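# Secondary and tertiary structure notes
The chain contents come next:
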Amino acid sequence: MSNTRANKRFRSQEWFDNPNNPGMTALYLERYQNQTFTREELQSDRPVIGIANTGSDLAPCNKIHIFLMDRIKAGIRDAGGIPMEFPIHPIQETGKRPTAALDRNLAYLSLVEVLHGYPIDGVVLTTGCDKTTPAQLMGAATVDIPAIALNGGPMLDGWYKGRRAGSGMVVWEGRRLLAEGKIDYEEFIERACASAPSLGHCNTMGTASTMNAMAEALGMTLTGSSAIPAPFRERMEMAFATGKRIVGMVLEDLKPSDILTREAFENAIRTNTAIGGSTNAPPHLQAIARHAGVDLNVKDWQTIGFEEPLLVNMQPAGEYLGESFHRAGGVPAVMAELHKAGRLHAGVMTATGRTMGENLAGRESVDHDVIRPYDNPLRKNAGFIVLSGNLFDSALMKTSVISDDFRKRFLSRPGAEGIFEGRAVVFEGPEDYHDRINDQSLGIDEKTILFIRNVGCVGYPGAAEVVNMQPPDAVLRAGVNHLPTVGDGRQSGTSESPSILNASPESVVGGGLAYLQTGDRVRLDLNTATMEALVEPDEWARRKADWTPPEIENQTPWQEIYRRHVGQLAEGGCLELATAYQRVARNLPRD
Ligand code: FES
Ligand code: MG
């Protein structure tokens with residue numbers, strides 16, 4: 001078929017064409033030709049291409065893939081491959097309780113098992129909703145067969161009463177208006193639903209668009225694929241092109257380990273700053289890196305990403321939604337800006353078979369209101385700051401925390417540049433937050449910092465998106481829309497809340513947040529990138545000695561397995577034992 005293959009057999013031939021083991025070969029052949037394939041094609045020396053289908057009724061953000069399947073298969077056939085579609089454990093961000101984050105590692109595990117244990121030579125990963133992208137990139141990295149990601153694309157832009165209504169944003173905004181008594185329940189629901197006008201995933205730069213941009217920035221997709229809105233013609237064309245390309249990748253033996261290098265992750269981190277990407281990107285990229293055997297550290301997000309500028313004017317950081325982003329040039333236009341400024345490793349290999357620099361040739365922003373030039377950004381130094389101190393070893397801070405308003409309200413004393421202080425109010429979880437946020441005895445005012453704990457990977461379980469806590473109704477009515485929030489959970493990528501999140505280690509495993517009490521003074525020092533509870537060391541040690549971990553109740557077997565083996569967000573929230581398994585396709589399973 002191609003001379004790049006030399007004499008290498010496809011791994012699928014170990015199943016379908018192995019004269020040394022006629023008994024098993026016959027068993028594999030007779031059943032796979034039962035309905036779908038012929039013996040002739042299964043023994044025709046053509047690669048079998050798996051298509052991991054993440055779309056289903058339960059996973060509406062990815063449902064577009066059900067309709068893209070025909071075009072992906074046509075592309076695979078066109079290039080001489082044999083497509084084999086298979087389902088993948090659904091991960092629906094908005095539907096799965098207690099949180100979809102719990103299922104990322106479950107989908108990862110099952111994908112590893114499928115790719116290793118079935119006759120698959122290469123795979124198309126159909127991505128979309130938040131965790132579907134990292135789960136599959138993690139799986140592909142562990143197995144290390146040729147793999148390419150195909151995004152389903154964002155929904156069309158939502159509109160409500162003449163204004164753009166962005167996914168997630170409408171809910172956070174509506175919740176505030178509801179609390180202030182400006183809208184009622186009916187209007188709240190109506191506004192929220194207006195943000196979802198078509199098939200596709202969230203149309204804001206939330207975690208879904210972020211993670212698909214990350215897949216592209218890492219080099220795991222075709223160029224320009226991630227931002228195309230789901231219903232567009234180009235989305236169908238991209239499905240066909242992706243199907244075609246994976247066959248080429250198999251023939252070239254171009255594997256995730258050739259693409260997912262340290263340099264590729266550095267490109268992704270810089271791109272994340274430029275797009276205004278989600279705070280969920282760090283743990284997900286960390287997890288992909290660990291399964292790929294790449295050395296990445298949560299601190300890299302500050303050292304590599306902090307000084308980059310925000311270029312993309314898209315909600316929640318800006319004003320536009322997915323359609324405008326795509327029309328302005330999408331991810332390649334953003335990366336081309338970074339590249340021109342010398343901020344990319346342009347020599348890295350990508351799924352196209354060409355380098356990132358080659359992919360970006362001729363790409364540029366065609367709308368500078370939506371994708372800004374590198375030297376005229378929306379904001380400079382727009383990346384994350386990684387804090388440490390007695391409350392946690394690491395936590396991410398969105399730079400949007402430091403608004404002028406925040407500077408005024410929290411400055412520790414006149415002239416103390418970059419040093420802020422506030423009074424802590426601590427919640428034990430989202431239920432406790434909802435029960436007590438309007439309790440006046442807590443004394444919450446505009447100088448309060450809200451804390452939430454027990455919501456990390458082990459605590460919740462799965463690290464819940466609950467750090468973006470809304471101030472009490474009375475504070476909202478007084479015109480203060482945001483209080484700084486801190487927690488060992490995550491927050492929605494569509495939230496613009498000023499927060500310090502992903503605190504690791506989490507409180508239920510004895511992280512410093514566990515010893516904080518309502519009423520403690522807390523200091524944030526930007527000069528040293530620290531956040532400290534201002535509690536005497538003796539008193540802190542006493543609280544630590546008196547501390548007993550909270551009771552943990554598992555509701556399903558997976559929750560128990562997950563809690564036993566999951567690591568902390570700073571390390572990607574991986575199943576720790578799984579990170580020891582690398583490039584597992586090198587060894588064939590027994591038959
Ligand atoms: Fe699925 Fe946002 S909820 S993409
Ligand atoms: Mg979310």
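Residues numbered from 1 in each chain as written. Chains lettered and ligands numbered in written order. Predicted model: local features only at pLDDT ≥ 70, side-chain atom pairs only at ≥ 80, totals over all residues.

You'll find the protein entered in an unreviewed UniProt entry as Dihydroxy-acid dehydratase, with Roseovarius azorensis given as the organism. Of the protein, the UniProt comment under Sequence similarities (unreviewed entry) reads exactly: "Belongs to the IlvD/Edd family." (UniProt positions renumbered as here; feature names shortened; annotations may be inferred.)

Another point: the nonpolar core. Ile49, Val123, Val124, Val312, Val334 and Phe451 are the most contacted members of the largest nonpolar core, which has 153 residues in total. Here this core gathers at least three residues from each of two domains, domain 1 (46-157 + 197-360) and domain 3 (384-546). Ignoring sequence-local partners within four residues, the contact set of valine 334 consists of Thr271, Ala274, Ile275, Leu311, Val312 and Ile371. (Core = buried A, V, L, I, M, F, W, Y, C linked by C-beta atoms within 7 Å. Buried ≥ 20, exposed ≤ 12 C-beta atoms within 10 Å, placed from the backbone. Domains from an automatic or database assignment. Contact = placed C-beta atoms within 7 Å.)

The end-to-end C-alpha distance of helix H5 (residues 101-117), which contains 17 residues, comes to 25 Å, matching closely the 24 Å that a straight helix rising 1.5 Å per residue would cover. Those residues of H5 that fall on the buried side of the exposure criterion are Ala101, Leu102, Asp103, Arg104, Asn105, Ala107, Tyr108, Leu111, Val112, Leu115 and His116. For H5, the elements touching its buried residues are strand E1 (48-53), strand E3 (122-127), helix H6 (132-143) and helix H22 (557-565). (Helix = DSSP H or I, 4+ residues; strand = E, 2+ residues; numbered from the N terminus. Expected span 1.5 Å × (residues − 1).)

Looking at the element boundaries, leucine 442 is found in the loop between helix H19 (430-436) and strand E10 (448-452). The class of leucine 442 is partly exposed, set by 18 C-beta atoms lying within 10 Å. Note: C-alpha distance between leucine 442 and valine 426 (16 residues apart in sequence) is 9.5 Å. Leucine 442 has contacts with Val425, Arg436 and Thr518, leaving out every residue within four places of it along the chain.

What helix H2 (residues 22-32) keeps buried is the set Thr25, Tyr28 and Tyr32. Looking down the long axis of H2, one finds its buried residues gathered within 70 degrees of arc, a one-sided arrangement. More than 90 degrees from the buried face of H2, the exposed residues found are Pro22, Gly23, Ala26, Glu30 and Arg31. Taken together, the buried residues of H2 touch helix H1 (13-16) and helix H3 (39-42). (Arc of directions from axis to C-beta.)

Side chains Val522 and Leu524 of strand E13 (residues 521-525) all project onto a buried face; the interleaved residues Arg521, Arg523 and Asp525 project onto a face where none is buried. Sheet topology note: the strand E9 (residues 419-427)/E13 ladder contains five bridges and is antiparallel. Looking across to E13, one finds that arginine 423 is bridged to arginine 521. Across four bridges, the pairing between E13 and strand E14 (residues 530-533) is antiparallel. Each residue of the ladder has a partner; that of valine 522, found in E14, is alanine 533. Between E13 and E14, which follow one another and run antiparallel, lie four residues, and alanine 529 among them has a positive phi close to 50 degrees. (Pairing = 2+ DSSP bridges.)

Time to look at the pairing of strand E7 (residues 385-389). Bridge count between E7 and strand E8 (residues 392-397): four bridges; the pairing is antiparallel. If you follow glycine 389 over to E8, its bridge partner there is phenylalanine 392. The antiparallel pairing of E7 with E8 creates a hairpin that spans two residues between the two strands.

Locating lysine 182 in the fold gives a position in the loop between helix H7 (169-179) and helix H8 (185-194). Looking at lysine 182, the number of C-beta atoms within 10 Å reads 10, which means it is exposed. Residues lysine 182 and proline 283, spaced 101 residues apart in sequence, show a C-alpha to C-alpha distance of 37 Å.

Moving on, we come to the domain arrangement of the protein. The domain architecture assigned to the protein consists of domain 1 (46-157 + 197-360), domain 2 (159-195) and domain 3 (384-546). For domain 1 versus domain 2, the separation of C-alpha centres amounts to 30 Å. Contact residues are listed per partner, giving eight residues for domain 1 and six residues for domain 2.

Cis geometry marks the peptide bond from glutamine 315 to proline 316, where omega comes out at 10 degrees. Mapped onto the secondary structure, proline 316 falls in the loop between helix H14 (300-303) and helix H15 (322-328). Residue tyrosine 460 is joined to proline 461 through a cis peptide bond whose omega torsion reads 5 degrees. Position of proline 461 among the secondary structure elements: in the loop between E10 and helix H20 (473-477). The backbone of asparagine 381 shows a phi angle near 45 degrees, a positive value even though the residue is not glycine. Secondary-structure assignment places asparagine 381 in the loop between helix H17 (356-360) and E7. A positive phi angle is found at asparagine 454, which is not glycine, with a value near 70 degrees. Take asparagine 454: it is sitting in the loop between E10 and H20.

Time to look at the sheet that holds strand E2 (residues 82-87). Strand pairing within a sheet occurs via backbone hydrogen bonds; the two strands may be parallel or antiparallel. What the four strands build is an open sheet, ordered E2-E1-E3-E4; its pairing is parallel. Both outer strands of the open sheet, E2 and strand E4 (147-151), are each paired with one neighbouring strand and no more. The average undirected angle you get between the axes of adjacent strands in this sheet is 25 degrees. With five bridges connecting them, E3 and E4 associate as parallel partners. Each residue of the ladder has a partner; that of leucine 125, found in E4, is alanine 149. (Axes fitted to C-alpha atoms, helices over the stretch in contact; angles between N-to-C directions.)

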